[in-house]
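Descriptive analysis of the structure
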Amino acid sequence: MVKICLECQSEPEERGPGSALRELLTDGETASTDTCSGARLTDFCAVWDAGVFLVSAAGKGAPSGVKKRRLNEAETLNSVREAQFQRLEAARPRGLGRGARGPVLRMAGQPPPWAYTAVLLCALSLGGAIEIPMDPSIQNELSQPPTITKQSVKDHIVDPRDNILIECEAKGNPAPSFHWTRNSKFFNIAKDPRVSMRRRSGTLVIDFRSGGRPEEYEGEYQCFARNKFGTALSNRIRLQVSKSPLWPKENLDPVVVQEGAPLTLQCNPPPGLPSPVIFWMSSSMEPITQDKRVSQGHNGDLYFSNVMLQDMQTDYSCNARFHFTHTIQQKNPFTLKVLTNHPYNDSSLRNHPDMYSARGVAERTPSFMYPQGTASSQMVLRGMDLLLECIASGVPTPDIAWYKKGGDLPSDKAKFENFNKALRITNVSEEDSGEYFCLASNKMGSIRHTISVRVKAAPYWLDEPKNLILAPGEDGRLVCRANGNPKPTVQWMVNGEPLQSAPPNPNREVAGDTIIFRDTQISSRAVYQCNTSNEHGYLLANAFVSVLDVPPRMLSPRNQLIRVILYNRTRLDCPFFGSPIPTLRWFKNGQGSNLDGGNYHVYENGSLEIKMIRKEDQGIYTCVATNILGKAENQVRLEVKDPTRIYRMPEDQVAKRGTTVQLECRVKHDPSLKLAVSWLKDDEPLYISNRMKKEEDSLTIFGVAERDQGSYTCVASTELDQDLAKAYLTVLADQATPTNRLAALPKGRPDRPRDLELTDLAERSVRLTWIPGDDNNSPITDYVVQFEEDQFQPGVWHDHSKFPGSVNSAVLRLSPYVNYQFRVIAINEVGSSHPSLPSERYRTSGAPPESNPSDVKGEGTRKNNMEITWTPMNATSAFGPNLRYIVKWRRRETRETWNNVTVWGSRYVVGQTPVYVPYEIRVQAENDFGKGPEPDTVIGYSGEDLPSAPRRFRVRQPNLETINLEWDHPEHPNGILIGYTLKYVAFNGTKVGKQIVENFSPNQTKFTVQRADPVSRYRFSLSARTQVGSGEAVTEESPAPPNEATPTAAYTNNQADIATQGWFIGLMCAIALLVLILLIVCFIKRSRGGKYPVREKKDVPLGPEDPKEEDGSFDYSDEDNKPLQGSQTSLDGTIKQQESDDSLVDYGEGGEGQFNEDGSFIGQYTVKKDKEETEGNESSEATSPVNAIYSLA
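Residues numbered from 1 in each chain as written. Predicted model: local features only at pLDDT ≥ 70, side-chain atom pairs only at ≥ 80, totals over all residues. Heavy atoms only, no water.

Let us look at the side chain of glutamine 222. Counting through the fold element by element, glutamine 222 comes out in strand β13 (residues 219-227). In this structure the side chain of glutamine 222 is engaged in a polar contact, spanning 2.9 Å, whose partner is the backbone oxygen of serine 234. Not counting residues up to four positions away in its chain, the partners in contact with glutamine 222 are His179, Trp180, Thr181, Leu233, Ser234, Asn235, Arg236 and Leu540. (Helix = DSSP H or I, 4+ residues; strand = E, 2+ residues; numbered from the N terminus. Polar contact = N/O pair within 3.5 Å; in protein donor to acceptor, adjacent residues only side chain to side chain. Contact = heavy atoms within 4.5 Å.)

And the structure:
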């Protein structure tokens, strides 16, 4: 069965068939208050092809010969249509009626844009509110107050090494302007050169490239977006700079402890922002093995339930890892000295069943190391994680068990950590409050600690205020309801100012958490803020009130042609928009009477239904929308076509092998439609071999073989509908002379079962009984029971179960809310019987779904969206009417609340997402009886974008034959890296070689280039790739050779040959070492000779000190452009590098020395040009040999 919603089309401006209608409507006609009766998107289906709807349908008129072979499809379709339309009208939401939403088309191909727009045009039920269509032309024309679309988190912690970014984006018409407050005072951006605002945005950028301290900008910021219709506010954004202070220096004495005694090694990490991650290691960077006896507490301390001699084998150092600065601070290690009665650390005793007695350690009852005492209390906020911890000492090591007084632990949210010493309850709610206790026990006894848990709550929404769009003179309301513990207070503001200080408005009334508007006018437009808060936090929501005055406007395409099959039920829908919401009327062929009654029915939302299409219904239909500001009309041409019918169907045949068989299939169809006839064999497309001949009205098979046996289906189809008929071909093999009468009888398929009866009717089962048909000389081996339901796939039969051929009664398991009809097929070795006549129908009662849709995925189709898709549930898993899906999503690893939307299809697109961000996704089924089980969480990703440039692209030339390239992954991959692209070209002066392109896997970060000659240089360009494409490229060149002069070819070859010899390399190294020693001796003698005055210099170390020796920390970040230590500050406050007149830097060709990552000097040494030849003896400062040695270090 197929249904369609038709759009009315407007006629041209000149006088046409609908011109007479204009005189019937006056500009002063008042719009009536109708109710929206739109159906879901999946309730109707059509095919969109080149501007024409092609509508499938079945009808009457089948010849009597056909009716013998199949059910009366017309009657079945009509009854199903009537039932489904009644169901749709019963499920249609009421009170939405003055909008333009109605049932819209589900297209087999690409639908027109208005098919989506029409869904959004119903007015809200409360106060007659209007929803703006998504049509861009309407969105751009209508004025709207500002709306905040993007903002930074409330607690915004930034990296001190990066520029500060505080986001604030808003939309509105006209586009809003922005300003900021800092600590509740106006923030003048123009006075601070470091602060700027992005174009067409309110996002603040604070740039520290020219200096400045990020700590100076800490505070509370708030963004204001304003246009002439109102002002919207962002949250109050608390800006804090991440801190990673150093560990205080301290000398720790060895910890002396008796074997078997408890011990706590305190960490006391430096306070950081955010708090650092604590872990324990030895001074040799080996992790400390933790178990039931030795473990780290949540506060970072290391607890020993009892100390053993083996604990002396290592030391213990607490480490703090700071997230933003990528640094680890290491505390000086603890060393243990264990006093024991058994000085030998015999490893065989570790597995001794009574290890403590074997080592002479006295056993003792448990006692709590943390928390102290027998009772404590803890407060946790709703939605957060509750972490309870109990650490006990004792010999042997105690076991920890957890309990809740007066109930069980929440199994779906509770999990045990740290060897059962910690209990974590995720997503705490009010019912998780109460008393919990931990029980520590060993064979010597047990002890209990009680923890009283109180659950408080920051404000959370019950009813968040929504934008309110009204027509002049209409009423409406804004509702702001929130809950929390303690109960939050509600404060209303308008355009960022307290409502109490706003000018009085007689049309506005405040009633606690609700603002009521009566008889609104254009001047009532504003943006209202609801701030609800308690001691644990606050919520701020913006909601604007906009008053629109718009004449009617049609949203569907014009001059539309609709073709429909005879006797089908059809619905014409006319999406429109206007404010006040217009009234819609229908007319046919320019006649003056409104269509309603008889074969026509006009729904409250203005949609026109034609209950059964007849030939006389063909014509031009016009819809006219009117309100007090004017009217608009549209029209559509409806054509009625005859149904396609097979009036001579193929017959079942039994043929001997090698004979010829002809299957007839004669069709009657509408002559204006193109007919296509195809054949199926065993429900699969038939391959027409050279033994077959397909004609317009028959199929002939020559030389029938055993493989030709099976069912043959003739399919006659047009653009609008199709009909089919099936026959079975049985092929008999060559028979020997029969030995008896039974063997001579031909075998055939069994006759169909008959007299189906349903008994033992239960809520989820029924007994089906049938009478077998004749087996036609071949015993029946199996029965297949099939079912059909009339809700999701009416007319389609599905296999239900299979039973042995010896039974004729079976109990069938049923699903809730399915209107079942059964039939039975008998099977023997020859083939299958025709299906039995269907049984009577049996409908089961409804229930909430017991499962959720499968194959849930989240993938980006664009860089700023994520498409959530799933496999929809079928009729036997819907369990009730009005099956829909609750789609939830939120950013992964954030505290964001779940976003949710109800969808009737199988996909939903989340817009305005960041690039390639993981999301948690849940899709839950729901029907009118309730929701399905809690769905599993699936991880999806938003769309990818081009990656940033690879970092730290390094080009090194170890010799004259090869060049080594190294790089790091991009800082912002913006997706899944699929590889790298390297492009390089050789050049020598003005000569440039052919470009070479290399592609690498995403894991490769090194590459070696074999040089073609030792003279040419190379230019390299490297970029990363995602599925979107190649990103920004980074370009480097190979180092210049030591001597840029170009030698002759022969000399170059000889030089290259000698330079690669081992003896030559050794000789050059020896000469260089000898010259270095001579230089040092000369410098020492000059300094002792006293010929030159020596200026006092401040003893400042030139090389960087080992950071670990200085502060116990070491950096594992990826940044390498950090200033060297050893610089000194001049009197004027500028930074100057320590200078040395005879530093070896002066002897390098490049002018600067280079240091690799371990601090050693690299570079090419060439003979220094004597600057004293031109400067004379102007320098009277003696060169320090110590400085020369330091420069080599």
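Turning to the nonpolar core, a few remarks are in order. General note: in soluble globular proteins, nonpolar side chains tend to be found buried as a group. The biggest cluster of nonpolar side chains holds 35 residues, and the ones touching the most others in it are Ile164, Ile166, Trp180, Leu204, Tyr217, Tyr221 and Phe577. Sequence-distant contacts of tyrosine 221, defined by excluding residues within four places in its chain, comprise Ile166, Trp180, Thr181, Arg182, Phe187, Leu204, Asn235, Arg236, Ile237 and Leu239. If you look at the next biggest cluster of nonpolar residues, it comprises 22 residues, including Cys574, Leu595, Tyr621 and Cys623. (Core = buried A, V, L, I, M, F, W, Y, C linked by side-chain atoms within 4.5 Å. Buried < 20%, exposed > 50% of the residue type's maximum accessible area, 1.4 Å probe, protein only.)

Attention now goes to the state of the cysteines. Working definition of a disulfide: a covalent bond connecting the sulfur atoms of two cysteines. Scanning all chains against the criterion turns up six disulfides. With its sulfur 1.9 Å from that of its partner, cysteine 267 forms a disulfide with cysteine 318. Taking the sign of the torsion about the S-S bond as the criterion, the disulfide between cysteine 267 and cysteine 318, at about -70 degrees, is left-handed. One end of the pair, cysteine 267, is in the loop between β17 (263-265) and β18 (277-281); the other, cysteine 318, is in strand β21 (residues 317-322), and 51 residues separate them in sequence. Residue cysteine 267 shares its accessibility class with cysteine 318, and that shared class is buried. Linked covalently through their sulfurs, cysteine 574 and cysteine 623 form a disulfide whose S-S length is 2.3 Å. Taking the torsion about the sulfur-sulfur bond, which here is approximately 50 degrees, the covalent link between cysteine 574 and cysteine 623 counts as right-handed. Linking cysteine 574 in the loop between β44 (570-573) and β45 (576-579) with cysteine 623 in strand β49 (residues 619-627), this pair joins segments that are 49 residues apart in sequence. Under the relative-accessibility criterion, cysteine 574 is labelled buried at 1%. Among the residues examined, cysteine 623 registers a relative accessible area of 0% and is labelled buried. (Disulfide = S-S within 2.5 Å.)

Moving on: the confidence of the model for the protein chain. Taken residue by residue, the protein chain gives an average pLDDT of 79. The fraction at 70 or more is 77%. Scored below 50 in pLDDT, residues 1-128 makes 340 contacts in the model with residues more than four places away or belonging to other chains. Throughout residues 1044-1056 the model reports pLDDT below 50, and contacts reaching past four residues in sequence, or to other chains, amount to three contacts. (pLDDT = per-residue confidence, 0-100.)

Turning our eyes to something else, we now look at the pairing of strand β46 (residues 583-588). Burial of β46 is extensive: five of the six residues sit out of reach of the surface. Sheet analysis places β46 next to β49, joined by six bridges and oriented antiparallel. Its bridge partner being in β49, lysine 588 is matched across the sheet by tyrosine 621. (Pairing = 2+ DSSP bridges.)

Another aspect to go through is the sheet that holds strand β7 (residues 164-166). The antiparallel open sheet is built from three strands, whose spatial order is β7-β12-β11. Of all the strands in the sheet, just β7 and β11 (195-197) have a single pairing partner and so form its edges. With strand direction ignored, the average angle separating the axes of adjacent strands in the sheet is 20 degrees. Of the strand pairs in this sheet, β11 and strand β12 (residues 204-206) are connected by three bridges, and their pairing is antiparallel. Bridge pairing links valine 195 to isoleucine 206 in β12. (Axes fitted to C-alpha atoms, helices over the stretch in contact; angles between N-to-C directions.)

If you walk across this open sheet you meet the three strands as β26-β30-β29, and the pairing is antiparallel. Either end of the sheet is taken by a strand with one partner, and the two such strands are β26 (386-389) and β29 (414-417). The average angle at which neighbouring strand axes cross in this sheet is 20 degrees, direction not considered. Note: β26 against strand β30 (residues 422-425), four bridges, orientation antiparallel. Paired with leucine 388 across the strands is leucine 423, a residue of β30.

Here we come to the pairing of strand β81 (residues 1006-1010). Looking along a regular strand, one sees side chains alternate from face to face of the sheet. Burial along β81 is one-sided: the face carrying Phe1007 and Val1009 is buried and the face carrying Lys1006, Thr1008 and Gln1010 is not. Note: strand β77 (residues 962-968) against β81, five bridges, orientation antiparallel. Bridge assignment links glutamate 966 to a residue of β81, and that residue is lysine 1006.

What follows covers the packing of aromatic side chains. Enumeration according to the criterion identifies 21 aromatic pairs in this entry. Sitting over the face of the ring of tyrosine 460, arginine 382 holds its NZ or CZ atom 3.7 Å from the ring centroid. (Phe/Tyr/Trp six-rings, centres within 6.5 Å; stacked < 30°, edge-to-face > 60°. Lys NZ or Arg CZ within 6 Å of the ring centre and 35° of its normal.)

This part is about the environment of lysine 888. Topologically, lysine 888 is positioned in strand β70 (residues 884-891). Relative accessible area serves as the criterion here: at 23%, lysine 888 is assigned to the partly exposed category. Sequence separation between lysine 888 and isoleucine 868 is 20 residues; the distance between their C-alpha atoms is 9.7 Å. With residues up to four places along the chain from it excluded, the contact list for lysine 888 reads Trp898, Asn899, Asn900, Glu920, Ile921 and Arg922.

With that settled, consider the pattern of salt bridges. Tallying each qualifying case throughout the model produces 49 salt bridges. Residue glutamate 788 is joined to arginine 841 by a salt bridge in which the shortest nitrogen-to-oxygen separation is 2.6 Å. Within this pair, whereas glutamate 788 is found in strand β63 (residues 782-789), its partner arginine 841 is found in the loop between β66 (819-827) and β67 (842-843), the two being separated by 53 residues in sequence. Through salt bridges with shared partners, a single network forms among Arg648, Glu664, Arg666 and Asp697. (Salt bridge = Lys/Arg side-chain N within 4 Å of Asp/Glu carboxyl O.)

Below, the discussion takes up the environment of serine 1001. Structurally, serine 1001 can be placed in the loop between β80 (996-1000) and β81. With 21 residues separating them along the chain, serine 1001 and tyrosine 980 place their C-alpha atoms 6.5 Å apart. Those residues in contact with serine 1001 that lie beyond four places of it in its chain are Gly979 and Tyr980.

Quick look at a nonpolar patch on the surface now. Together, Trp1063, Leu1067, Met1068, Ile1071, Val1075 and Leu1079 make up an exposed nonpolar region whose accessible area comes to about 540 Å². As for its position among the elements, isoleucine 1071 is in helix α10 (residues 1062-1089). (Patch = residues over 30% accessible without salt bridge, like charges linked within 9 Å, V, L, I, M, F, W, Y side chains within 5 Å. Areas by Shrake-Rupley, 256 points an atom, 1.4 Å probe, with all protein chains shown as cover.)

Turning to unusual backbone geometry, a few remarks are in order. For the peptide bond that leads from asparagine 485 to proline 486, omega is 5 degrees, which places it in the cis range. Note on placement: proline 486 falls in the loop between β35 (481-485) and β36 (489-494). Here the amide bond leading from serine 579 into proline 580 is cis, since omega sits at 0 degrees, within 30 degrees of zero. With respect to the element layout, proline 580 can be found in the loop between β45 and β46. Located in the positive-phi region is tyrosine 916, a residue other than glycine, with phi close to 45 degrees. For tyrosine 916, the position within the fold is in the loop between β72 (907-911) and β73 (918-927).

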